[in-house]
Amino acid sequence: MINGKSLAISDLLGKWYDQNRRLLPWRESTDPYIIWVSEIILQQTRVAQGLDYFNRFICRFPNVVSLAAADEDEVLKYWEGLGYYSRARNMHAAAKEMMDRFDGVFPSRYEDVLSLKGIGEYTAAAIVSFAWNKPYPVVDGNVYRVLARLFAEETPIDNLKGKKLFYALAAELMNSRYPAHHNQAMMELGALQCVPRNPDCGICPLKDHCVAFALGKVDLYPVKQSLKKSRNRYLHYFYIIHHGKLLLSRREKQDIWKGLYEFPNIETKEQMDFENLQSTTDFQRMFDDTGRLDIIPELSNVKHVLTHQVLFATFYKIQIERMNEALQHYLQIIPENIDLYAFPRLIHIYLDKLKGNLPD
Ligand code: SF4
């Protein structure tokens, strides 16, 4: 239930937002498709990086119909470099689902939006709140931080109990007369003012209501239960040329980068130099009966950090005399056509070197 304090906070928040909000293309729209695309892009991406992707994506796929009709490869190409590629695959699947279930029209019921692939409670709330002004609280990472500090809430934000509690707090603060405006103001306050490190609380519109600020304990919130351990992976990529053709494959496994392209590669449990690598069964199977190998080590130990994984990659350029059974399963492309394929950023580091953009 909305009490006096909630109304005062929401009022201060709304005034601050009107004066400080960033002008972003998706903010000026109530089109649920536009809001959906922007929210999915911004889930794991900073606004500065996401803006260009958003503009290009909307230009090529301006609505549900155009996205549903596209090839997955093309959708991934437009997502290339953004990471978390399941977001793009899920959007593509959800657009097709909307064609089948809703005649290509974006549904307006919260439950229908939530039922679409890749749309969780947060995104569904953002879509129905921003597009139709429905009173669903939007609780993203920024909002968790604002709420945790505002109420000096000790419950960790990353477990089920915390999620329920913070949702209830957000619902209590919600100004049901202006849900879209209120939600956007909360998110923007977290993004611009109540930042993770050293927020300038002296100029915050909510400072008189903020318990963490009053206690001098802003840095202690939000509380997190655990940090998942990260694991190291060691990848050895082979840029294999055979009769002028380059070998590629599409990642199909339930692993990172599903649907993107890469070079033939071997993963080892620990770091391995070439001498040891070539004595592994995987290497021998891959290059068995391929004739004389012309091998040039090109980049070694390239570190690439993902959520919960740290990759260490080494790249070799290899010329082979003939194909064998193992390599026959790979795509053979003309190297000049490489830009037609979507690659993870790690592979682009090597491609940039090949194009002469990186020093040795
Ligand atoms: S006073 Fe500081 S900690 Fe509290 S909401 Fe404002 S910026 Fe965040």
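Residues numbered from 1 in each chain as written. Predicted model: local features only at pLDDT ≥ 70, side-chain atom pairs only at ≥ 80, totals over all residues. Heavy atoms only, no water.

Concerning the overall build of the chain
Tallying secondary structure elements over the chain gives 15 helices and seven strands in all. Considered along the principal axes of its C-alpha atoms, the chain spans approximately 80 × 50 × 35 Å. Within the structure as shown, the chain displays about 18,400 Å² of accessible surface, and the carbon and sulfur contribution to it stands at 50%. The averaged location of the 44 negative side-chain charges in the chain is 4 Å from the averaged location of its 44 positive side-chain charges. (Helix = DSSP H or I, 4+ residues; strand = E, 2+ residues; numbered from the N terminus. Areas by Shrake-Rupley, 256 points an atom, 1.4 Å probe, with all protein chains shown as cover. Lys, Arg positive; Asp, Glu negative; His and termini not counted. Charge placed at Lys NZ, Arg CZ, Asp CG, Glu CD.)

Regarding the packing of helix 3 (residues 47-60) against helix 5 (residues 72-79)
The contact between helix 3 and helix 5 brings their axes to 9 Å, and the two run at 155°. In terms of axis orientation, helix 3 runs roughly antiparallel to helix 5. Along the contact surface, helix 3 presents Tyr53, Arg56, Phe57 and Arg60, while helix 5 presents Glu74, Val75, Tyr78 and Trp79. (Axes fitted to C-alpha atoms, helices over the stretch in contact; angles between N-to-C directions. Parallel < 35°, antiparallel > 145°, perpendicular 65-115°, else oblique. Contact = heavy atoms within 4.5 Å.)

As for the domain arrangement of the chain
Domain parsing of the chain yields domain 1 (4-220) and domain 2 (231-354). Computed over C-alpha atoms, the centres of domain 1 and domain 2 are 38 Å apart. If you look at the interface, domain 1 gives ten residues, while domain 2 gives 15 residues. Summed over both partners, the interface of domain 1 with domain 2 buries about 940 Å², with 42% contributed by carbon and sulfur atoms. If you sort the residues of domain 1 by the area they bury against domain 2, Lys77, Glu80 and Tyr85 come out on top, with a joint share of 45%. Joining domain 1 to domain 2, the criterion identifies two salt bridges. Put simply, Asp73 and Arg250 hold a salt bridge, and the shortest N to O gap is 3.0 Å. If one sorts the elements of the side of domain 1 that touches domain 2 by residue count, helix 5 sits on top with four residues. (Domains from an automatic or database assignment. Buried area = accessible area lost by both parts, 1.4 Å probe. Salt bridge = Lys/Arg side-chain N within 4 Å of Asp/Glu carboxyl O.)

Overview of the pairing of strand 5 (residues 294-306)
By the bridge criterion, ten bridges tie strand 5 to strand 6 (residues 309-319) in an arrangement that is antiparallel. Its bridge partner lying in strand 6, Leu306 is registered against Gln309. Where strand 5 hands over to strand 6, the hairpin turn is made up of two residues, of which His308 adopts a positive phi near 70°. (Pairing = 2+ DSSP bridges.)

Regarding the side chain of Thr290
With respect to the secondary-structure elements, Thr290 resides in the loop between helix 14 (281-287) and strand 5. If near-sequence neighbours (up to four positions away) are discounted, Thr290 is found in contact with Ile320, Glu321, Arg322, Asn324 and Leu327.

Observations concerning the pattern of salt bridges
Side chains that differ in sign of charge can pair as their charged atoms come close. Summed over the entire model, instances satisfying the criterion amount to 20 salt bridges. A salt bridge links Lys355 to Asp339; its shortest N-O distance comes to 3.4 Å. In this pair, Lys355 is assigned in the segment after helix 15 (345-354) and Asp339 in the loop between strand 7 (331-333) and helix 15, connecting sequence segments 16 residues apart. Taken together, the shared-partner salt bridges connect Arg233, Arg251, Asp255, Glu262 and Glu267 into one network.

Concerning the confidence of the model for the chain
Scored by pLDDT, the chain has a mean of 92; 98% of the residues are at 70 or more. Averaged pLDDT values over the elements of the chain bottom out at 89 in strand 5 and peak at 98 in helix 4 (residues 64-69). (pLDDT = per-residue confidence, 0-100.)

A short note on the site of the ligand
Inspection of the region around the ligand gives Arg149, Gln193, Cys194, Pro199, Cys201, Cys204, Lys207, Cys210, Phe213 and Val218 as its neighbouring residues. In terms of residue class, the shell around the ligand is made up of seven nonpolar, one polar and two charged. (Near = heavy atom within 4 Å. Nonpolar A, V, L, I, M, F, W, Y, C, P; charged D, E, K, R; others polar.)

With respect to the nonpolar core
Core analysis: the biggest nonpolar cluster contains 98 residues, and Tyr33, Trp36, Phe263 and Phe315 have the highest contact counts within it. When residues of this core are assigned to domains, at least three map to each of domain 1 (4-220) and domain 2 (231-354). (Core = buried A, V, L, I, M, F, W, Y, C linked by side-chain atoms within 4.5 Å. Buried < 20%, exposed > 50% of the residue type's maximum accessible area, 1.4 Å probe, protein only.)

Structural notes on the packing of aromatic side chains
Applying the stated criterion to the full structure yields 22 aromatic pairs. These aromatic residues form a ring-pair network of at least three members: Tyr237, Tyr239, Phe263, Phe315, Phe343 and Tyr350. Taking the ring centre of Tyr53 as reference, the NZ or CZ of Arg56 above it sits at 4.9 Å. (Phe/Tyr/Trp six-rings, centres within 6.5 Å; stacked < 30°, edge-to-face > 60°. Lys NZ or Arg CZ within 6 Å of the ring centre and 35° of its normal.)

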